[in-house]
Amino acid sequence: MATQYFKDNKGHPKPIGGPVRRRRVLLCGVLALGLLFFFFVPWELPPSLKDAGLPGISRANVAQLMKTKGKKVEVGEIYGLLHLVTGDHEQEHVLSNALQLDPTVPIELSVYAAGDAVDWAQEQALIDKEYPVIVFSKTYCPYSKRAKELLAAYDIQPPPKIVEVDIRDDGNVIKHLLTRLTKHSTFPNVLLRGHSIGGSDNLQQLHENKTLTKLLEEAGATPRASGPK
Ligand SMILES: *[C@@H]1O[C@H](CO)[C@@H](O)[C@H](O)[C@H]1NC(C)=O
């Protein structure tokens, strides 16, 4: 087959597929090789460059940068406990079944999940939304009774989640956990979005100085009444 020609800018015939085209093919090859090298071969900047205080552009840093986009939220241990007390009845036995559980030292969230895969950031958001007010109470305790009555007079939506600790088999563990996690050791213990606002007296004061409505609203719990007269 005869070679095909085209005319270059000076009008001279040049064979198609000549040096120009070959150079272009070569360039593409080098570029592809470079990309391959960047993504598939582990590399780091030479230490001298890194020490010079250049912003790190190692693969690890690039990967990290990409990950911070879907940033991981640090979920507090209290949500492990709230996961148990807001869950189904079966979960009541998780803590009492945990062997050698010491509630006075930090506990991994996975212990509270008892083998279930829990997305804790999602769980925290769900608990905050469905149970913005959680009251740890004792059925026979007059202070607990007073706190529950006070909250009832606010007609809160969603209604407070009442956890009667004395009728649970993990009640003793919960008492120690609350002491460590909320710095409040007595009952009742009123939590707004995982933060303790104290017991019956604190609640009464917040009611009297008219800040409770605002606190509830900020927690995403809507009071439909203004509390006891
Ligand atoms: C209302 O009472 C609470 C609980 O004692 C207190 O922490 C808060 O500072 C008081 N707020 C005002 C506005 O007095």
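What counts, and at which threshold
As a convention, each chain's residues are numbered from 1 in the sequence order in which they are written. Given that this is a predicted model, residues contribute local features only at a pLDDT of at least 70 and side-chain atom pairs are listed and counted only at 80 or more, while totals for whole chains, interfaces and linings are drawn from all residues. As a convention, hydrogens and water are excluded, and side-chain values are obtained from all of the structure's heavy atoms. Comment: elements are numbered from the N terminus, with helices defined as DSSP H or I runs of at least four residues and strands as E runs of at least two. Three exposure classes are used, based on accessible area relative to the maximum for each residue type with a 1.4 Å probe and protein chains only: buried under 20%, partly exposed in between, and exposed over 50%. By the convention used here, residues are in contact when the closest approach between their heavy atoms is within 4.5 Å. Accessible surface area values rest on a Shrake-Rupley calculation with a 1.4 Å probe, where residue burial reflects the displayed protein chains alone. When we speak of the arc, we mean the arc of directions from the helix axis to the C-beta atoms. We define a salt bridge as a side-chain nitrogen of Lys or Arg found within 4 Å of a carboxyl oxygen belonging to Asp or Glu. Here the expected span of a helix is defined as 1.5 Å times the quantity of residues minus one.

Colleague: Now, about the overall build of the chain: what can you tell me, with residues and values included?
Modeller: Scanning the chain from N- to C-terminus turns up 11 helices and eight strands. Per-residue burial over the chain gives 34% buried out of 229 residues. Summarising the internal contacts of the chain: among those between residues at least 6 apart in sequence, 67% fall at separations of at least 24. Of the roughly 15,400 Å² of accessible surface on the chain, 59% is carried by carbon and sulfur atoms.

Colleague: Any details on helix α10 (residues 200-208)? Residues and values, ideally.
Modeller: Owing to its 3.6 residues per turn, the α-helix brings residues three or four apart onto one side. Among all positions of α10, only S200, L203, L206 and H207 are buried. On an axial view of α10, the arc spanned by its buried residues comes to 125°, and they lie on one face. Along α10, exposed side chains directed more than 90 degrees from the buried face belong to Q205 and E208. Against α8 (142-152), β6 (189-192) and α11 (212-218) lie the buried residues of α10. One or two positions beyond α10, positive phi appears at K210, with a value near 60°.

Colleague: Kindly report on unusual backbone geometry, identifying the contributing residues and their values.
Modeller: With an omega dihedral of -5°, the bond running from Q157 to P158 counts as a cis peptide bond. Structurally, P158 is set in the loop between β4 (156-157) and β5 (161-164). The residue after F187, namely P188, is reached through a cis peptide bond having omega 5°. Note that P188 resides in the loop between α9 (171-182) and β6. The residue D155 is not glycine, and still its phi comes out positive at about 45°. Within the element layout of this structure, D155 appears in the loop between α8 and β4. Of note in the backbone geometry, K183 takes a positive phi value of approximately 60° without being a glycine. Residue placement: K183 occurs in the loop between α9 and β6.

Colleague: Explain the pattern of salt bridges residue by residue, including any values.
Modeller: One pass over the structure, following the stated rule, counts seven salt bridges. Its salt-bridge partner being E77, residue R180 comes within 2.7 Å of it at the nearest N-O pair. Of this pair, R180 sits in helix α9 while E77 sits in the loop between α3 (59-67) and α4 (78-86), placing them 103 residues apart in sequence. Owing to a relative accessible area of 13%, E77 belongs among the buried residues under this scheme. A salt bridge links E164 to K148; the nearest nitrogen and oxygen atoms lie 2.7 Å apart. Residue E164 is found in strand β5, and its partner K148 is found in helix α8; the two are separated by 16 residues along the sequence. The exposure class of E164 is buried, given its relative accessible area of 17%.

Colleague: How would you summarise α9 if you had to cite specific residues and measurements?
Modeller: With 12 residues, α9 ought to run about 16 Å at 1.5 Å a step, and its terminal C-alpha atoms sit 16 Å apart, in line with that. Among the residues of α9, G171, V173, I174, L177, L178, R180 and T182 are the ones counted as buried. Residues of α9 that are buried sit in contact with α4, α5 (94-97), α6 (109-113), β3 (133-137), β6 and β7 (195-196). Of the residues one or two after α9, K183 is the one with positive phi, at around 60°.

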